[in-house]
Amino acid sequence: SYMNMSRFRALCPETCGCHDFARGFEDVTGWPATIFGSSVFGCPDSCKHVRTAISQWLFHSQMGIGANCTDVPHEALTNPEVDFEISRWFGGYLTGLHSLLEQDTRFVEDLWSRTHILNNETGKVQWNYIVAGDFVDVLLNGDWHLSPDVRHHRNFTGCAFLASYEFTLLIGLDLCWTTVVRNIRNICPVSCGCGTMEGCPVSCFVDED
């Protein structure tokens, strides 16, 4: 999951996971493109139609993450023994997210201001937690912290954590609604409030009907 591979994703969308499947249908997460599986980062717009078709197939076949309109369990996001493909996707997504954030000078400056409003010392720790990328390893370890040793204020984990306003305020990006990078609706449809929105599993369309 690299930001600078947009041209490769444009030329080889299937290999890059823009279609949402890799190695046949063994992996339908969108790996290895993960967070960069968007048109902004090279994936052709036509891939969206392929994703919808695959989602329909998964629903009607009752297979994998598209079988039901449910969030992926938080254990699957972080534990390869529970789900290798999902945890691999999550690792790539978070690593890509950090790359995106650390290269955004405006974000880094704004985060410094936001985290230092109440307390300079704790603000510096939280700022470094995001900018240095420590949050990636912490979350992948299954510790759902907004800052070192500080759990989510509402004890959210997994998809609920990723979609929460607390995490959104921290990273300056709504992972459910962003159009710049690939959103997490296919992995976290319930937490993202899925219905017939683009990128939601087809199973959520049926549930809404």
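First things first, this report covers the structure right here in the doc. Because the structure is a prediction, the values reported are computed rather than measured. (Residues numbered from 1 in each chain as written. Predicted model: local features only at pLDDT ≥ 70, side-chain atom pairs only at ≥ 80, totals over all residues. Heavy atoms only, no water.)

This model, assessed by the stated rule, comprises six salt bridges. Its salt-bridge partner being D45, residue K48 comes within 3.8 Å of it at the nearest N-O pair. Look at K48 and you get partly exposed, because its relative accessible area is 32%. Given the relative accessible area of 47%, D45 is considered partly exposed. The network of salt bridges with shared partners includes D20, R51 and R182. (Salt bridge = Lys/Arg side-chain N within 4 Å of Asp/Glu carboxyl O. Buried < 20%, exposed > 50% of the residue type's maximum accessible area, 1.4 Å probe, protein only.)

This part is about the state of the cysteines. Enumeration over the complete set of coordinates arrives at five disulfides. Each sulfur in the disulfide pair C69 and C204 lies 2.0 Å from the other. Between C69 and C204, the S-S torsion sits near 90 degrees, and that sign places the bridge as right-handed. Pair noted here: C69 is in the loop between helix 3 (47-61) and helix 4 (74-78) and C204 is in helix 11 (residues 202-208), with a separation of 135 residues, a long-range link. Considered together, C69 and C204 belong to a single accessibility category, that of buried residues. The disulfide partner of C194 is C200, and the gap between their sulfur atoms is 2.0 Å. (Disulfide = S-S within 2.5 Å. Helix = DSSP H or I, 4+ residues; strand = E, 2+ residues; numbered from the N terminus.)

This part takes up the layout of surface pockets. Any empty space left between the atoms is revealed when a probe the size of a water molecule rolls over them. Size it by volume and the largest pocket reaches roughly 590 Å³. As for the largest pocket, its lining consists of 33 residues, and the residues nearest its centre are K48, R51, R182, E198 and G199. Those elements giving two or more residues to the lining of the largest pocket turn out to be helix 3 and helix 11. If one sorts the elements of the lining of the largest pocket by residue count, helix 3 sits on top with eight residues. Residues that form the lining of the largest pocket fall into these classes: 14 nonpolar, 13 polar and six charged. As a volume, the second largest pocket reaches approximately 470 Å³. Together, 17 residues line the second largest pocket, and R114, T115, Q126, H153 and L170 are the ones closest to its centre. Broken down by secondary-structure element, the contributors of at least two residues to the lining of the second largest pocket are helix 6 (105-115), helix 7 (120-131), strand 1 (145-147) and helix 10 (165-171). Take the lining of the second largest pocket: its biggest share by element is four residues, from helix 7. The class makeup of the residues in the lining of the second largest pocket is eight nonpolar, seven polar and two charged. (1 Å grid on protein atoms, 1.4 Å probe; cavity = no way out; pocket = protein on both sides within 12 Å on 5 of 7 lines; lining within 4 Å. Points joined across faces, edges and corners; volume = space filled by probe spheres on them. Nonpolar A, V, L, I, M, F, W, Y, C, P; charged D, E, K, R; others polar.)

So, about the packing of helix 6 against helix 7. Viewed as axis vectors pointing N to C, helix 6 and helix 7 meet at an angle of 150 degrees, and their least axial separation amounts to 8 Å. Here helix 7 runs roughly antiparallel to helix 6, going by the angle between their axes. You can see that helix 6 and helix 7 cross each other, and the crossing is right-handed. From helix 6, F107, V108, L111, W112 and T115 reach across to helix 7, where they touch G123, Q126, W127, I130 and V131. Partitioned by chemical class, the residues of the contact of helix 6 with helix 7 number seven nonpolar, three polar and no charged. (Axes fitted to C-alpha atoms, helices over the stretch in contact; angles between N-to-C directions. Parallel < 35°, antiparallel > 145°, perpendicular 65-115°, else oblique. Left-handed = near helix turned anticlockwise from the far one by under 90°. Contact = heavy atoms within 4.5 Å.)

A few words on the packing of aromatic side chains. Using the criterion set out here, one finds eight aromatic pairs in the structure. Pairing W89 with F90 gives two aromatic rings, centres 6.1 Å apart and planes at 25 degrees, and the pair type is stacked. Residue W89 is classed as buried on the basis of its relative accessible area, which comes to 2%. Connected via pairs of aromatic rings, a cluster forms that spans W89, F90, Y93, W144, F161 and F167. R88 extends its terminal NZ or CZ atom over the ring of W31, reaching a point 3.4 Å from the ring centre. (Phe/Tyr/Trp six-rings, centres within 6.5 Å; stacked < 30°, edge-to-face > 60°. Lys NZ or Arg CZ within 6 Å of the ring centre and 35° of its normal.)

Note on placement: N79 falls in the loop between helix 4 and helix 5 (84-102). Among the residues examined, N79 registers a relative accessible area of 28% and is labelled partly exposed. Along the sequence, N79 and S55 sit 24 residues apart, while their C-alpha atoms lie 24 Å from each other. One polar contact links the side chain of N79 to the main-chain amide nitrogen of E81, over a distance of 2.9 Å. (Polar contact = N/O pair within 3.5 Å; in protein donor to acceptor, adjacent residues only side chain to side chain.)

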